[in-house]
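Structural overview for review
Next come the chains, spelled out residue by residue.
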Amino acid sequence: MHELAERILAHDVRAVARGLRFVDDRSGGYVQLLKDLFPHTGKAVVIGVTGNPGAGKSTLCDRLIEAYRKEGRTVGVLAVDPTSPYSGGAILGDRIRMGRHSTDDGVFIRSVATRGHLGGLSQSARDMVRVLDAYGAEVILIETVGVGQDEIEITRTASSTLVVMAPGLGDDVQASKAGILECADAFAVNKADRDGADSTVRDLELMIALGGETAAAASKSRGHTVHSEVAAGSAVVKDGAPVPERWTPPILKCVATRGEGIAEVVKALDLHRRWVEETEAGRARRQLRLAEEVREGLREALIEAAVGALGAKIDEAVRAVGARELDPYAATEKLIAEFRGGG
Ligand SMILES: Nc1nc2c(ncn2[C@@H]2O[C@H](COP(=O)(O)OP(=O)(O)OP(=O)(O)O)[C@@H](O)[C@H]2O)c(=O)[nH]1
Ligand SMILES: [Mg+2]
């Protein structure tokens, strides 16, 4: 077993910091580390927290940490390219913690740069989640700005995605454009102390209702869960509510700065976790995401192998296409044939 794996499993905080860096950098031997850790993963609840810059994601994460810690659950946080500090505490390099959680051993925070990821940011995030999971984090939050394809892909590594919106920023319009609507498992309309929160809620309800049908066709092929109905009273998650077979993202108002409405967000995420685990649709989604991961890994490995085996033949093919001696399709076919034939 990898030396780091043993120490991570023994809950060594230095080891997890090193392990995360190791995996993030794709340092030699990182795959072995992940293999060793994998049997000890799968227990954590992984929650993606996404939304436009300044919507209040970090403030909300900070409150969620507080709520989970009160329940005695340990928390890991991956802040993907954070631009704002967590509750007054600055992001401090490698191993960081949220300001007022800095003395709490049950919280581990790590920032992740969005650039320079060889295997893609979402794969890197997924691997880092596994390290935190093996380390023993019971809840893992991934904060990411919900703009750009990479960020949206990250939400697919989480089992639940919380989309944070704030009134008056035109977030709703942005959201429908960015495809955030389709990946949301719950909406938090934050800054409800400001004017316009109710109209943001109404806009969202309307958009979910209208967008559902058209989004359904488009997202089916991409494997997104499709929400085409808005249940009456979807803004409320009641205590002891049964797990619905068809999940409709609840819309929850909150004021992260004051800690208002946080309990409802926690409740909604817990219920969604149960939906993922206990329903047919939830299990199917999980299966689909694993299938995606395996395919992604295969793509990465195949390209690496092909580039290694073909080497300069690839450059030669590019030159031939540039000189119009070959079309790009024939070039690809030729390269594949050579690769299959052993380079
Ligand atoms: N009025 C009000 N302000 C809030 C609330 N929640 C957060 N803020 C403020 O909004 C600003 C942005 O909050 P952040 O938590 O940093 O937002 P973020 O989404 O993490 O921002 P980025 O990471 O930069 O994308 C800060 O000044 C917060 O104090 C809220 O509920 N009400
Ligand atoms: Mg932030």
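Calculation rules
- Residues numbered from 1 in each chain as written.
- Chains lettered and ligands numbered in written order.
- Predicted model: local features only at pLDDT ≥ 70, side-chain atom pairs only at ≥ 80, totals over all residues.
- Heavy atoms only, no water.
- Helix = DSSP H or I, 4+ residues; strand = E, 2+ residues; numbered from the N terminus.
- Buried < 20%, exposed > 50% of the residue type's maximum accessible area, 1.4 Å probe, protein only.
- Contact = heavy atoms within 4.5 Å.
- Donors = N, O, S within 2.8 Å, 3.2 Å for Na, K, Ca; no water.
- Pairing = 2+ DSSP bridges.
- pLDDT = per-residue confidence, 0-100.
- Core = buried A, V, L, I, M, F, W, Y, C linked by side-chain atoms within 4.5 Å.

1. Quick word on the environment of V75
Within the element layout of this structure, V75 appears in strand β2 (residues 75-80). Overall, the relative accessible area of 2% leaves V75 in the buried class. Through-space distance from the C-alpha of V75 to that of G106 is 6.1 Å; in sequence the pair is 31 residues apart. When sequence neighbours within four positions are dropped, the list of residues in contact with V75 reads I65, Y68, R69, G106, V107, F108, A137, V139 and L141.

2. What about the coordination of the magnesium ion (ligand 2)?
Coordination of the magnesium ion (ligand 2) by the protein is provided by S58 (OG) and E143 (OE), with metal-donor distances spanning 2.0 to 2.2 Å. One end of the pair, S58, is in helix α4 (residues 57-70); the other, E143, is in strand β5 (residues 139-145), with 85 residues separating them in the sequence. Overall, the relative accessible area of 6% leaves S58 in the buried class.

3. Let's talk about the pairing of strand β4 (residues 107-112)
With six of six residues buried, β4 lies mostly within the body of the structure. As defined by bridge partners, β2 adjoins β4 across six bridges and the pair is classed as parallel. Counterpart to L78 in the pairing with β4 is R110.

4. Brief notes about the confidence of the model for the protein
Per-chain confidence: the protein averages 81 in pLDDT, with 77% of residues scoring 70 or above. Low pLDDT (under 50) marks residues 83-99, which in the prediction has 42 contacts with non-local residues, meaning those over four places away or in another chain.

5. Points about the side chain of E293
Summarising the element assignment, E293 is placed in helix α11 (residues 280-310). Every residue in contact with E293, bar those within four places of it in the chain, is listed here: Q123, R126 and R130.

6. Thoughts on the nonpolar core
Judged by nonpolar contacts, the single largest core of 32 residues is most densely connected at L33, V131 and L132. Looking at this core, the elements that each hand over two or more residues are α1 (3-9), α2 (13-24), α3 (30-37), β2, β4, α5 (121-135) and β5. Looking at this core, the element that brings in the most residues is α5, giving eight residues. Ignoring any residue separated from it by four or fewer positions in sequence, one finds V131 in contact with I8, V16, G19, L20, V23, L34 and L37. Listed in part, the 27 residues of the second largest apolar core include L64, I262, V265 and A268.

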